[in-house]
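Here are the chains, one letter per residue:
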2 protein chains.
Amino acid sequence: MEVRHLRYFIAVAEELHFGRAAQRVNICQPPLSQQIKDLEQELGVALFCRNHKKVSLTDAGAAFLEDARDILRRVELAAERARSVGRGALGRITMGLVLPALDTFLLDAIREFRASNPGIEIQLLELGTLAQLKALAAGDIQVGVMRLFQQDTKGLVAERILEEPYVLALPSKHRLASLKEVPIGALDNESFILFPRRTHPALYDKIIACCSAAGCTPTIEQEATTKVTAIALVAAGIGIALVPASTRKQHRFGVVYRPILGDLPVVELSLVWKEGTESAALYKLIDTVIERSILPI
Amino acid sequence: MEVRHLRYFIAVAEELHFGRAAQRVNICQPPLSQQIKDLEQELGVALFCRNHKKVSLTDAGAAFLEDARDILRRVELAAERARSVGRGALGRITMGLVLPALDTFLLDAIREFRASNPGIEIQLLELGTLAQLKALAAGDIQVGVMRLFQQDTKGLVAERILEEPYVLALPSKHRLASLKEVPIGALDNESFILFPRRTHPALYDKIIACCSAAGCTPTIEQEATTKVTAIALVAAGIGIALVPASTRKQHRFGVVYRPILGDLPVVELSLVWKEGTESAALYKLIDTVIERSILPI
DNA sequence: GTAATCTGATATGTAATATATATCAACGCA
DNA sequence: TGCGTTGATATATATTACATATCAGATTAC
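What you see is a predicted model, and the numbers here were worked out from it, not measured in a lab.

**Remarks on the environment of B:Cys49**
Then, number 1: Structurally, the position occupied by B:Cys49 is in strand β1 (residues 48-50).
Then, number 2: For B:Cys49, a relative accessible area of 7% puts it in the buried group.
Then, number 3: It is 71 Å that separates the C-alpha atoms of B:Cys49 and B:Leu148, two residues lying 99 residues apart in sequence.
Then, number 4: Look past the residues within four positions of B:Cys49 in its chain and what remains in contact with it is A:Gly276, A:Glu278, B:Lys54, B:Val55, B:Ser56 and B:Thr58.

**Side note on the domain arrangement of chain A**
All names here are of chain A.
Then, number 1: Segmenting chain A into domains produces domain 1 (3-86), domain 2 (91-157 + 271-292) and domain 3 (166-265).
Then, number 2: With 8 residues of domain 2 in contact, the opposing surface of domain 3 contributes 12 residues.
Then, number 3: Interface area, domain 2 with domain 3, both sides summed: about 840 Å², of which 62% is carbon and sulfur.
Then, number 4: Applying the counting criterion to the domain 2 and domain 3 interface returns 1 salt bridge.
Then, number 5: Close ionic contact of Asp-103 with Lys-227 constitutes a salt bridge, the shortest N to O distance being 3.0 Å.
Then, number 6: The interface formed by domain 2 and domain 3 holds 2 residue pairs in polar contact (both at pLDDT 80 or more) in total.

**Some words on the side chain of B:Glu268**
All names here are of chain B.
Then, number 1: With respect to the helices, strands and loops of the structure, Glu-268 is situated in strand β13 (residues 267-274).
Then, number 2: Buried and without a salt bridge, Glu-268 has Arg-160 as its closest oppositely charged side chain, separated by 4.6 Å.
Then, number 3: Within the structure, Glu-268 has its side chain in polar contact with the backbone nitrogen of Leu-148 (distance 3.0 Å).
Then, number 4: A polar atom in the side chain of Glu-268 sits 2.7 Å from the side chain of Ser-270.
Then, number 5: Setting aside residues no more than four positions away along its own chain, Glu-268 makes contact with Met-146, Arg-147, Leu-148, Phe-149, Arg-160, Leu-162 and Glu-163.

**Points about the protein's contact with DNA strand C**
Then, number 1: Taken together, 19 residues lie near DNA strand C, and A:Tyr8, A:Cys28, B:His17, B:Ser33 and B:Arg50 sit nearest.
Then, number 2: Among atoms of DNA strand C positioned within 4 Å of the protein, sugar and phosphate together represent 77%.
Then, number 3: Here a phosphate oxygen of DNA strand C and a backbone polar atom of B:Phe18 are 3.0 Å apart.
Then, number 4: In the model, a phosphate oxygen of DNA strand C is placed 2.8 Å from a nitrogen or oxygen of the B:Arg50 side chain.
Then, number 5: Those elements that place two or more of their residues in the surface near DNA strand C are α1 (3-15) and α3 (29-43) of chain A together with α2 (18-24) and α3 (29-43) of chain B.
Then, number 6: The leading source of residues in the surface near DNA strand C is α3(B), at 4 residues.
Then, number 7: Of the residues assigned to the surface near DNA strand C, the class counts are 8 nonpolar, 7 polar and 4 charged.

**A short note on the protein's contact with DNA strand D**
Then, number 1: The environment of DNA strand D is formed by 19 residues, the closest being A:His17, A:Ser33, A:Arg50, B:Tyr8 and B:Cys28.
Then, number 2: In this structure, a phosphate oxygen belonging to DNA strand D sits 2.5 Å away from a side-chain N or O atom of B:Tyr8.
Then, number 3: Here a phosphate oxygen of DNA strand D sits 2.6 Å away from a polar atom, N or O, in the main chain of B:Cys28.
Then, number 4: Only α2 (18-24) and α3 of chain A together with α1 (3-15) and α3 of chain B provide two or more residues apiece to the surface near DNA strand D.
Then, number 5: Counting residues per element, the surface near DNA strand D draws most heavily on α3(A), which supplies 4 residues.
Then, number 6: Tallied by class, the residues present in the surface near DNA strand D amount to 8 nonpolar, 7 polar and 4 charged.

**Concerning the interface of chain B and chain A**
Then, number 1: Taken together, the 30 residues of chain B in the interface contact 31 residues of chain A.
Then, number 2: When chain B packs against chain A, close to 2900 Å² is buried across both sides, 59% of that on carbon and sulfur atoms.
Then, number 3: Applying the counting criterion to the chain B and chain A interface returns 8 salt bridges.
Then, number 4: The closest approach of N and O atoms between B:Asp70 and A:Arg74, which form a salt bridge, is 3.1 Å.
Then, number 5: Counting across the interface, chain B meets chain A through 18 residue pairs in polar contact (both at pLDDT 80 or more).
Then, number 6: Those elements that place two or more of their residues in the side of chain B that touches chain A are α1, α3 and α4 (59-86) of chain B.
Then, number 7: Counted by class, the side of chain B that touches chain A contains 14 nonpolar, 4 polar and 12 charged residues.

**Observations concerning the pattern of salt bridges**
Then, number 1: A full pass over the atoms with the stated rule returns 38 salt bridges over all chains.
Then, number 2: For B:Arg24, the salt bridge goes to B:Glu14, with nearest N and O atoms at 2.6 Å. Here B:Arg24, found in helix α2, pairs with B:Glu14, found in helix α1; they are 10 residues apart in sequence, far enough to count as distant.
Then, number 3: Sharing partners across several salt bridges, the network here consists of A:Glu14, A:Glu15, A:Arg20, A:Arg24 and A:Arg69.

**Observations concerning the side chain of A:Ser84**
Residues and elements named next belong to chain A.
Then, number 1: As for its position among the elements, Ser-84 is in helix α4 (residues 59-86).
Then, number 2: Residue class for Ser-84 comes out buried when judged on its relative accessible area of 11%.
Then, number 3: If sequence neighbours within four positions are ignored, Ser-84 has contacts with Ala-89 and Leu-90.

Definitions and cut-offs
Residues numbered from 1 in each chain as written. Chains lettered and ligands numbered in written order. Predicted model: local features only at pLDDT ≥ 70, side-chain atom pairs only at ≥ 80, totals over all residues. Heavy atoms only, no water. Helix = DSSP H or I, 4+ residues; strand = E, 2+ residues; numbered from the N terminus. Buried < 20%, exposed > 50% of the residue type's maximum accessible area, 1.4 Å probe, protein only. Contact = heavy atoms within 4.5 Å. Domains from an automatic or database assignment. Buried area = accessible area lost by both parts, 1.4 Å probe. Salt bridge = Lys/Arg side-chain N within 4 Å of Asp/Glu carboxyl O. Polar contact = N/O pair within 3.5 Å; in protein donor to acceptor, adjacent residues only side chain to side chain. Lys, Arg positive; Asp, Glu negative; His and termini not counted. Near = heavy atom within 4 Å. Nonpolar A, V, L, I, M, F, W, Y, C, P; charged D, E, K, R; others polar.

Spelled out as structure tokens, the structure:
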């Protein structure tokens, strides 16, 4: 059974006249009769009653007519849906992002994107960088926002969308709080609060190396997985923390922020997706995010 | 777009390999590639990403896959449904019946039919004979149970399923109640309760004619559209009534029934349907009813 | 580095089949 | 009875889906 049979059948069922039906589907009457006969034979049921004077539907024909119409509608709908998805008017994207990304322009960009692309459903998933890389490979997310510092990006496309320097978060009573800017060298023997090494091994090592190069040996007093935790620990006087500059938004009594003088890696956020991905909706999203990105040029 | 395209597409989408997919649908790889290309061209969207090493679905392809599977399922379902209707395993019948039919074997027959044909939905509609004839012509009912006495049955098929004589319903204090059987001639000058002439003109006239032939001129005191009304009127002493024998089931204080001696038309119930109807479910129902009919042979 | 192998695409011939033309058979109507 | 209408049948034709052979790009193996 082919779609053609359904089209022909519907024409005959609606006209109840082979000649007119044939005209309607732009073929001659004999092949139409033939095709209907083929259809009936395949189904093993008579769809029409032919009385030489009047054609009428059998019960089976009436039932089949409803189904045939429905199927035809669905075929057209499926085609239209595929086209919509193809041009990015329809879609579903799951996006991973690291927690700090929430403090950036990103949510605004996504809100704006949702408004102008109501057909594209975006699901956000808070995930660490490594988890996002796995999720990308597994296809659980189509795009991620992560700290890509020295990660392996084979088979991936990455676009840096934000970078900011580290600043120092200090208890306001700390001896270094009186300085406008703090040189790295001054941090020798300070108690540090830093993210756990496993979340960003390369970045972690690089920071330690930079400190060493500046002649200071930091003591890692405490690990903090989120910026909020880190600031809380600083406020409690547990130590000092290296945090991205955007963290300054999080005002907290007893904590002051100071720029750092010296060579430290820059904190970055990158938009990452799979190479060779074929998704118009995804590229629309990527374009929007990159356009809104606030990188120094 | 034809069903074939959907079958091919699903095969490729599931195998993600043109060669294997071709094998699965029993054609060679080149025509399969060709057909998929045709499909993509018709849709105006790429459904697959061909990377010389790996075939993968595009977003549009993934969306289309869901629809294609659904459509194919529906096509198979439609075929199965048509076959079921064709062999009478599935169907919907609206049946008209006159009120007196409810006092007969008919409801039992229908109950039994419903039990053994759960796929066939039967709707009952209480209608007078003339209304049923109209409804048959209009297609509002497919079959009717009616009093067909001398009605025009052109284009219809009728099968008598029940016949019974008239009996006389009398007030128990009536002078004729003492008789075992009442000759028609004894009814002269009695007050009659009869159905309205418009419901069965021919039958009505025939009854009057029979009375006249027996030398009695009945006075039609009162019309009654239902047997219950007629019996109630008899009980109230308004007159005597001619009712079908089966009415005796309806015992009522103050009313007695007596057979009539003489020539009166027989009350009959007929099963009527349209000539040339092509409905397995309907014929199943007709067969059941006729089989259960209780006619003297 | 080159051959071997695998992938899907292309080119072209062939077979299947959907369609067109011509005609028929059955029925209704004048 | 002849004429017009209906759908079915017979046969020819054109389309097209498919098969065969081959190619081009990519990966793997030696």
